[in-house]
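The residues making up each chain are set out below.
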Amino acid sequence: MNLLDGKVVSEQILTSLKSEIEVLKSKGLPAPFLAAILVGNNPASETYVASKKKSCLAIGMNSEVVNLSADISEAELIEVISKFNSDTSCSGILVQLPLPKHINENNIINAILPEKDVDGFHPINLGRLMIGTDTLVPCTPAGIHEMIKFYNIETSGKHVVVVGRSNIVGKPIANILLQKKAFANAVVTVCHSAAKDLSVFTKQADILIAAIGVPQFIKADMVKDGAVVIDVGINRIEDASRPRGYRIVGDVDFENVAPKSSFITPVPGGVGLTTIALLLKNTFLAYQMQNKL
Ligand code: GUN
């Protein structure tokens, strides 16, 4: 078993971004700027947004978190987005999901200019991803792809099984690995909670990607010997022995699955770290596109 270490992969990306930003600054150009919009006070979202901002500042990017009340209207939120859309110093906009129930997420995503949509959630960016043209790609799947490239994992002709069909992870990673390109060209199955027996699918996977959102759902008897296992889950489970009263686990029963796998991502320390690195990379790409660099 080998670990797919998100720290190593993300540090390589962040180091290279940091030096590119130093070059911009040495030429007297402004640094890229990420606007992160947080609606309400979901504790997990607050943590994610704070760490996104911190990571921006650590590599010399600018970032601002806009905290909005949970009862803001959809129209008011769109107004905040519009201001950043027309602010030429703003390179990227992200609205942390999930949003309160009275706000339609699709309307919000559609309000972000596609060239500032550093989450890659806008239908134009997802459409470009589907047909295989260059675009801003959702950060979690893009991070998984960087991990696959970094560890030189063979994907061509391999059977990738994705568990989970979200617009954020399941559908985009399936589209990335389906492309007729290097480090893709896989045969991809997407399965989900409506399957009578998910293990029928997961046991066939050469590369298993778990994006279900259920703690330790993937057990050892659901995984083929020698499979590559990529765990996208970030779940809090109660743990009285920890100062915070909880710990973070993935969607995979790591302890029992790891000995069977050829490569596996730990949680924490796996996909979560590459997601943030790819967000910063997308912000940098958005800046380059906007400034025609
Ligand atoms: N909520 C969970 N994952 C994400 C993400 O990648 N981007 C945003 N904006 N919200 C999320």
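A brief structural summary. Just so it is clear, the structure is predicted and the values come from calculations on it, not from any experiment. (Residues numbered from 1 in each chain as written. Predicted model: local features only at pLDDT ≥ 70, side-chain atom pairs only at ≥ 80, totals over all residues. Heavy atoms only, no water.)

1. As for the pattern of salt bridges
Our working rule: Should a side-chain nitrogen of Lys or Arg be within 4 Å of a carboxyl oxygen of Asp or Glu, the pair is scored as a salt bridge. Only runs of H or I of at least four residues qualify as helices and only runs of E of at least two qualify as strands under DSSP, and these elements are numbered from the N terminus. Here's how the labels work: a residue is buried when its accessible area is under 20% of the maximum for its type, exposed when over 50%, partly exposed in between, all with a 1.4 Å probe on protein chains only.
Counted under the stated rule, the structure contains six salt bridges. The partner of Glu11 in a salt bridge is Lys7, and the shortest N-O contact between them spans 3.2 Å. Residue Glu11 and its partner Lys7 are both found in helix H1 (residues 6–26); the two are separated by four residues, about one turn of the helix. When the shortest N-O distance is used, the salt bridge between Lys149 and Glu146 registers 3.4 Å. Within this pair, Lys149 and its partner Glu146 are both found in helix H6 (residues 139–150), separated by three residues, close to a single helical turn. Of the residues examined, Lys149 reaches a relative accessible area of 34% and is grouped as partly exposed. The structure contains a network of salt bridges with shared partners spanning Glu146, Lys149 and Lys281.

2. So, the site of the ligand
Defined as follows: One heavy atom suffices: a residue is near a molecule or strand as soon as one of its heavy atoms comes within 4 Å of it. Each polar contact in these results corresponds to two N or O atoms within 3.5 Å; when the atoms are within protein, one needs to be able to donate a hydrogen and the other to accept it, and residues that are neighboring in sequence are counted only if both atoms are side-chain atoms. Per-residue and other accessible areas were derived by the Shrake-Rupley procedure at a 1.4 Å probe size, with only the shown protein chains allowed to occlude residues. Charged residues are taken to be Asp, Glu, Lys and Arg, nonpolar residues to be Ala, Val, Leu, Ile, Met, Phe, Trp, Tyr, Cys and Pro, and polar residues to be all remaining types, Gly included.
Neighbouring residues of the ligand: Lys52, Leu94, Val95, Gln96, Leu97, Asp119 and Phe121. At 2.9 Å from a nitrogen atom of the ligand is found a main-chain nitrogen or oxygen belonging to Val95. Asp119 is positioned such that a nitrogen or oxygen atom in its side chain is 2.6 Å from a nitrogen atom of the ligand. The protein chains hide 81% of the 280 Å² of surface that the ligand would expose on its own. Of the residues that constitute the shell around the ligand, the class distribution is four nonpolar, one polar and two charged.

3. A look at the nonpolar core
Threshold: Working definition of a nonpolar core: buried Ala, Val, Leu, Ile, Met, Phe, Trp, Tyr and Cys residues. They are joined through side-chain atoms within 4.5 Å. The contact rule is simple, with two residues in contact once any of their heavy atoms fall within 4.5 Å.
Grouped together as the largest cluster of nonpolar side chains are 48 residues, with contacts concentrated most on Ile144, Val160, Leu177, Ile209 and Ile230. A total of eight residues in this core trace back to one element, the largest contributor, which is helix H10 (residues 271–290). Apart from residues no more than four positions distant in its own chain, Ile144 is found in contact with Ile173, Ile209, Ile230, Val232, Val271 and Thr274. Counting 22 residues, the second largest nonpolar core, distinct from the first, contains Phe33, Ala35, Ile72 and Phe121.

4. Details of the sheet that holds strand S3 (residues 62–68)
Sheet strands associate in pairs through backbone hydrogen bonding, adopting either a parallel or an antiparallel arrangement. The condition that has to hold: Two strands are said to pair when DSSP picks up at least two bridges between them. Geometry is summarised by axes, namely lines fitted to C-alpha atoms with helices restricted to the contacting stretch, and by angles between N-to-C directions that run from 0 to 180 degrees.
What the three strands build is an open sheet, ordered S3-S2-S4; its pairing is parallel. Looking at strand neighbours, the two that pair on one side only are S3 and strand S4 (92–95), the edges of this open sheet. Averaged over all neighbouring strand pairs, the angle between strand axes comes to 15°, with direction disregarded. Where strand S2 (residues 33–39) meets S4, four bridges bridge the pair, whose relative direction is parallel. The residue bridging Ile37 from the neighbouring strand is Val95, located in S4.

5. Notes on helix H2 (residues 43–58)
How we decide: Helices are assigned an expected span. That span is 1.5 Å times one less than the residue count. Working definition: the arc comes from the directions between the helix axis and the C-beta atoms, pointing outward to the latter.
Taking 1.5 Å of rise per residue, 16 residues should cover 22 Å, and H2 covers 23 Å from first to last C-alpha, within 8% of that figure. Among the residues of H2, Ser45, Val49, Lys52, Ser55 and Cys56 are the ones counted as buried. Here the buried residues of H2 occupy an arc of 125° about the axis, which is enough to place them on one side. Turned more than 90 degrees from where H2 packs its buried face, Lys54 and Ala58 sit exposed. On its buried face, H2 sits against S2, S3, S4 and H10. For H2, the side-chain oxygen to backbone nitrogen distance between the N-cap and Ala44 is 2.9 Å, and the N-cap itself is Asn42. At the C-terminal side of H2, Gly60 shows a positive phi close to 90°.

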